[in-house]
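# Descriptive structure summary
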Amino acid sequence: MDVLITLFYILFAICVVYPPTEFVAAGFTIPQLLDNFLGSENVNFIGYHMKRITITALIHSALPLGYVFTLWCGGEDSVWMPAAALATGIIPVLMCYKIVCWWEHDKKKHPVVKALLPYVNEGSDWRVVASHFNLDFRSIEKVSINLTATSKFIATNSFLIKVTQYGTNIVKQSDCTLVATATDSHNLTPTGEDEIQYVNIEVIPSRVDIKRFTFRISTTALRDLQPRLERPVRVPDHISLLPTLIERFVKVFKQHVEQNPVYYVDQELEPCIGCMQATADVKLDRLCPPHEPQPAPALPACQQCNCRVLWCASCMARWWAARASGPPAEWLSARGSCPVCRAPFCLLDVRPARAPPTSA
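Please read these numbers as outputs of a predicted model, since none were measured by experiment.

The phi angle at Lys107 is positive, at roughly 60°, despite the residue not being glycine. For Lys107, a relative accessible area of 24% translates into the label partly exposed. The phi torsion at Arg342 lies on the positive side, around 65°, for a residue other than glycine. Counting through the fold element by element, Arg342 comes out in the loop between strand E10 (336–337) and strand E11 (344–345). Take Arg342: its relative accessible area is 48%, and that puts it in the partly exposed class.

Below is the structure:
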């Protein structure tokens, strides 16, 4: 019986400290269960996490005592039980003393407040900085990235924040540099078509009174984060970031297009109507050999496209990929359709467009 109780309590304690996805989705985490007491993170970030960290530390410190109490409720009455209860009871008592130290002397020893103190001017109150910080945090332009079930990284207009179970790291974007330190990739499929890469990023403050911290995110999340950063993440030469599936497809698509015969135009090439940045440089012109019509669900027969040069190779590849079906390895052998007239075409029909060569 004691063994079953012990195994059950160990599982329970792990779920309390590191809640699995199922617990988070069901709302069985400390912040979710005490949501009414903690208040709104978006309205009062500093106050919310001051209370959250305090309660989390207190509950976690009481888990050993809870184990002894669970054994007692299960019928265990050994002679060592009083000593075990006393020993484990000391832990939450010490934590209570630590919490009192956090909240006394104007709360300046609290982990959240200590993260703000470097930005408090001499003679000023940390609550003034906290008020400005809370106002900045309410911006709808901030980006929040979940790192684990108990931690996340947030980028606001002015600050970078890492939230953990027992503390926070806060630094102004203008006072730090982000550097990628390592990467690791994982294949989600045996063929390697769905590959995900994670990047370890170190935040290096320019001020000595602010601690460094690191976080780990996927390259996809990093691309979402980049527009919100004042300074781009520095990537050393020995580290290469994995391009997205679409970026890899665009690269291969353009390589195949360059192997097709060049289509010369008698006028100046216009900007691509898809991105309005690159020059339109591909023409859909049927070059593939004719073949007999095939019944559905076979691929449709290619048709001649009479549209002028309107698209660049990158936009045409993204248009193709957005409408492709099946595994990515079969995208190139499929059929696309002209974005304007919807004429079906294959990869052999995509010709690179060039201005006519000038005579000497």
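On we go from here.
Let us look at the nonpolar core. Formed by 46 residues in total, the largest nonpolar core has its most connected members in Ile46, Leu178, Phe215, Ile217 and Leu225. Apart from the residues lying within four places of it in its own chain, the contact partners of Ile217 are Ile145, Leu147, Gln197, Tyr198, Val199, Ile201, Leu222 and Leu225. The next biggest cluster of nonpolar side chains, apart from the first, holds 24 residues, and it includes Phe249, Cys307, Trp320 and Phe345.

Glancing now at the side chain of Asp136. Positionally, Asp136 belongs in helix H9 (residues 126–137). Look at Asp136: it is buried, it has no salt bridge, and the nearest opposite charge is Lys142 at 9.1 Å. When sequence neighbours within four positions are dropped, the list of residues in contact with Asp136 reads Thr156, Asn157, Ser158 and Phe159.

Turning to the sheet that holds strand E5 (residues 176–187), a few remarks are in order. Reading across from one edge, E5-E6-E7 is the order of the three strands in this open sheet, with antiparallel pairing throughout. Strands at the two margins of the open sheet, each flanked by one partner only, are E5 and strand E7 (213–218). Mean inter-strand twist for the sheet, computed between neighbouring axes without regard to direction, equals 20°. With six bridges joining them, strand E6 (residues 195–205) and E7 adopt antiparallel strand pairing. From the neighbouring strand, Glu202 faces E7, where its bridge partner is Thr214.

Moving on, we come to the sheet that holds strand E8 (residues 263–264). With mixed pairing, three strands are arranged side by side in an open sheet as E8-E12-E9. A strand with exactly one partner marks an edge of an open sheet, and here the two such strands are E8 and strand E9 (282–284). Inspection of the sheet shows E8 paired to strand E12 (residues 350–354) by two bridges, in the parallel sense. From the neighbouring strand, Tyr264 faces E12, where its bridge partner is Arg354.

What counts, and where the lines are drawn
Residues numbered from 1 in each chain as written. Predicted model: local features only at pLDDT ≥ 70, side-chain atom pairs only at ≥ 80, totals over all residues. Heavy atoms only, no water. Buried < 20%, exposed > 50% of the residue type's maximum accessible area, 1.4 Å probe, protein only. Helix = DSSP H or I, 4+ residues; strand = E, 2+ residues; numbered from the N terminus. Core = buried A, V, L, I, M, F, W, Y, C linked by side-chain atoms within 4.5 Å. Contact = heavy atoms within 4.5 Å. Lys, Arg positive; Asp, Glu negative; His and termini not counted. Salt bridge = Lys/Arg side-chain N within 4 Å of Asp/Glu carboxyl O. Pairing = 2+ DSSP bridges. Axes fitted to C-alpha atoms, helices over the stretch in contact; angles between N-to-C directions.

So, to be careful, I would describe these as geometric facts and stop short of saying anything about function.
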